[in-house]
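Listed below are the residues making up each chain.
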Amino acid sequence: MHENLITVTRSSMPDFEEYCEEIRPLWESRFLTNMGEKHLQLEEDLKQYLHTPNITLFTNGHLALENILTAMDLHGEIITTPFTFASTTHAIVRCGCTPVFCDIDPKDYTIDVSKIEALITDRTVAIVPVHVYGNLCDVEAIEVLAKKHHLKVIYDAAHTFGVTKNGVSSANFGDAAMFSFHATKVFHTIEGGAVSYQDPSLRTKLNDLKNFGIHGPESVPDVGGNAKMNEFCAAMGICNLRHLDEEIEKRKTVYRQYCSRLSAVPGIQLNTIRPGIRFNYAYFPVVFDGYRYTRDEVFDLLAAQNILARKYFYPLTSAFDCYKGRPGFDPSATPVARRIADHVLCLPIYADLPEAVVDRICDSILR
Ligand SMILES: *Cc1c(COP(=O)(O)O)cnc(C)c1O
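Criteria and cut-off values
- Residues numbered from 1 in each chain as written.
- Predicted model: local features only at pLDDT ≥ 70, side-chain atom pairs only at ≥ 80, totals over all residues.
- Heavy atoms only, no water.
- Helix = DSSP H or I, 4+ residues; strand = E, 2+ residues; numbered from the N terminus.
- Rg over C-alpha atoms; globule rule 2.2 N^0.38 Å.
- Buried < 20%, exposed > 50% of the residue type's maximum accessible area, 1.4 Å probe, protein only.
- Contact = heavy atoms within 4.5 Å.
- Areas by Shrake-Rupley, 256 points an atom, 1.4 Å probe, with all protein chains shown as cover.
- Lys, Arg positive; Asp, Glu negative; His and termini not counted.
- Charge placed at Lys NZ, Arg CZ, Asp CG, Glu CD.
- Core = buried A, V, L, I, M, F, W, Y, C linked by side-chain atoms within 4.5 Å.
- Domains from an automatic or database assignment.
- Near = heavy atom within 4 Å.
- Polar contact = N/O pair within 3.5 Å; in protein donor to acceptor, adjacent residues only side chain to side chain.
- Nonpolar A, V, L, I, M, F, W, Y, C, P; charged D, E, K, R; others polar.
- Buried area = accessible area lost by both parts, 1.4 Å probe.
- Salt bridge = Lys/Arg side-chain N within 4 Å of Asp/Glu carboxyl O.
- Arc of directions from axis to C-beta.
- Expected span 1.5 Å × (residues − 1).

Draft legend 1. Region of interest: the overall build of the chain. Within the chain one finds 11 helices and 13 strands. For 367 residues, the compact-globule formula gives about 21 Å, and the C-alpha radius of gyration of the chain, at 21 Å, lands near that figure. Taken over 367 residues, the chain has a buried fraction of 55%. Sequence separation of 24 or more characterises 70% of the internal contacts of the chain that already satisfy a separation of 6 or more. When the accessible surface of the chain is summed, it comes to about 16,100 Å², and 53% of that surface belongs to carbon and sulfur atoms. The distance from the centre of the 36 positive side-chain charges to the centre of the 46 negative ones in the chain is 3 Å.

In structure tokens, the structure reads:
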């Protein structure tokens, strides 16, 4: 990789010695995977950090989502949004369900709750909303709708690790919430993910499903896959979690610097953090709409200086080649999502991003 390249994110790392200490017992036990000591400890640490009663770890966030949809035995239509990472839509499709795309809110980019009810049919079984860029969905309104129509709610909470609303963790909204612990996320286990859920009876099912559906040596009640987090990844998570609050504080400083330079500029829309939210500063999305440069021009002018911003999320999942011609996959049916996808750019943000680089990025944009 280029030495002076500034990427959109950079993985946080614990001290090398701290990680070595954490994995030392694995050399003695030779117990490297299959829900060992580190795996169990990380689950406990996460329950504490997220203030949530039930957590199951997975190889990654995507498989956490696929497995919770499978464990809930969902078959039919699932209302979701196309302004998300490939994973959300693919998980619904790969589980044999049909995504029904709802448009998004133009300010916080989460599902537009006022448009959900019109999409509910007698085949609708669930809502899979996405907490976008750390912004929580309108969780109260979604809960009311879901109760009224007897729908499950499974949040894609990949962007909201550590986010709370009036002290309530994003792990505790809906029937379940999926988290990604990918290396690019605020909290990571190299690769990894988890699901939190309200119904404790799902625990056994999820643990079986991530281990080939095997329940006991001679008992295989489910057609499962392999999605177990290994001990080395769990150890990375244990270490990173110890330092997460400091990391979030450093991100906040970067976030504020961007805000002080870029807010109140006509044609530039920044993310607004709602009152009562403890934010995690995971992303710095900027919508360039009516600005003197288009999103693509800003992307190019930063790239020319070795600064890699990211067109995230672009394209909409409903515009993916793999879904071409499928009924219901129509980007023009969600015009707000399409407009945001065409105009949004995520600027680099990570704990150790130097102040001078943020200034350089802002200078280039404002020049
Ligand atoms: C990262 C991410 C995922 C997938 O998580 P993995 O751990 O990479 O499998 C899903 N949804 C969203 C919104 C994400 O950002």
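Having seen it, we continue.
Draft legend 2. Spotlight on the nonpolar core. Core analysis: the largest hydrophobic core is formed by 87 residues, its most contacted members being Phe83, Ile116, Tyr133, Tyr258 and Leu347. Considering every element that reaches this core, the biggest residue donor is helix 8 (residues 244-262), with six residues. Of the residues that make up this core, three or more belong to each of domain 1 (16-242) and domain 2 (244-366). Residue contacts for tyrosine 133: discarding those within four places in its chain leaves Phe83, Tyr109, His159, Asn271, Phe279, Tyr283, Pro285, Tyr312, Phe313, Val344 and Cys346. Judged by nonpolar contacts, the second largest core, of 25 residues, contains Phe58, Ala64, Leu69 and Met178.

Draft legend 3. Seen up close, unusual backbone geometry. The omega torsion of the bond from tyrosine 312 to phenylalanine 313 falls at 5°, within 30 degrees of zero and hence cis. You can see phenylalanine 313 is positioned in the loop between helix 9 (295-303) and helix 10 (335-343). Not every positive phi belongs to a glycine, and isoleucine 190 is a case in point at roughly 75°. Checked against the element boundaries, isoleucine 190 lands in the loop between strand 8 (176-180) and strand 9 (193-197). Assessed through its relative accessible area of 37%, isoleucine 190 is described here as partly exposed. At phenylalanine 212, a residue that is not glycine, the phi angle is positive and equals roughly 65°. With respect to the secondary-structure elements, phenylalanine 212 resides in the loop between helix 6 (202-209) and helix 7 (231-242). Of the residues examined, phenylalanine 212 reaches a relative accessible area of 42% and is grouped as partly exposed.

Draft legend 4. A look at the site of the ligand. By nearness alone, 15 residues border the ligand, and Gly61, His62, Asp156, Ser180 and Lys185 come closest of all. Between the ligand and the protein, one listed contact pairs an oxygen atom with a backbone N or O atom of glycine 61 at 2.8 Å. Isolated, the ligand exposes 380 Å² of accessible area, and the fraction of that covered by the protein chains is 93%. Elements represented by at least two residues in the shell around the ligand include exactly helix 3 (61-71) and strand 8. For the shell around the ligand, the per-class residue count stands at four nonpolar, nine polar and two charged.

Draft legend 5. Broad picture of the domain arrangement of the chain. Here the chain is partitioned into domain 1 (16-242) and domain 2 (244-366). Once you take the C-alpha centre of each, domain 1 and domain 2 turn out to be 24 Å apart. Carbon and sulfur atoms make up 58% of the area that domain 1 and domain 2 hide from each other, which totals about 3,400 Å². On inspection of domain 1 and its partner domain 2, the count reaches one salt bridge. For arginine 274, the salt bridge goes to aspartate 108, with nearest N and O atoms at 3.3 Å. Those elements that place two or more of their residues in the side of domain 1 that touches domain 2 are helix 4 (86-94), strand 3 (98-101), strand 6 (164-165) and helix 7. Among the elements that take part in the side of domain 1 that touches domain 2, helix 4 stands out by supplying four residues, more than any other. Here the side of domain 1 that touches domain 2 is built from residues that sort into 20 nonpolar, 11 polar and eight charged.

Draft legend 6. Spotlight on helix 10. Every buried residue of helix 10 is listed here: Val336, Ala337, Ile340 and Ala341. Taken down its axis, helix 10 places every buried residue within 130° of arc, on the same side. Against the buried residues of helix 10 lie strand 12 (284-288), helix 9 and strand 13 (344-347).

Draft legend 7. Just helix 8, in detail. Under the 1.5 Å per step criterion, the end-to-end length of helix 8 is 27 Å for 19 residues, consistent within 8% with the ideal 27 Å. Burial in helix 8 covers these residues: Leu244, Glu247, Ile248, Arg251, Val254, Tyr255, Gln257, Tyr258 and Leu262. Just past helix 8, the residue alanine 264 takes up positive phi, approximately 65°.

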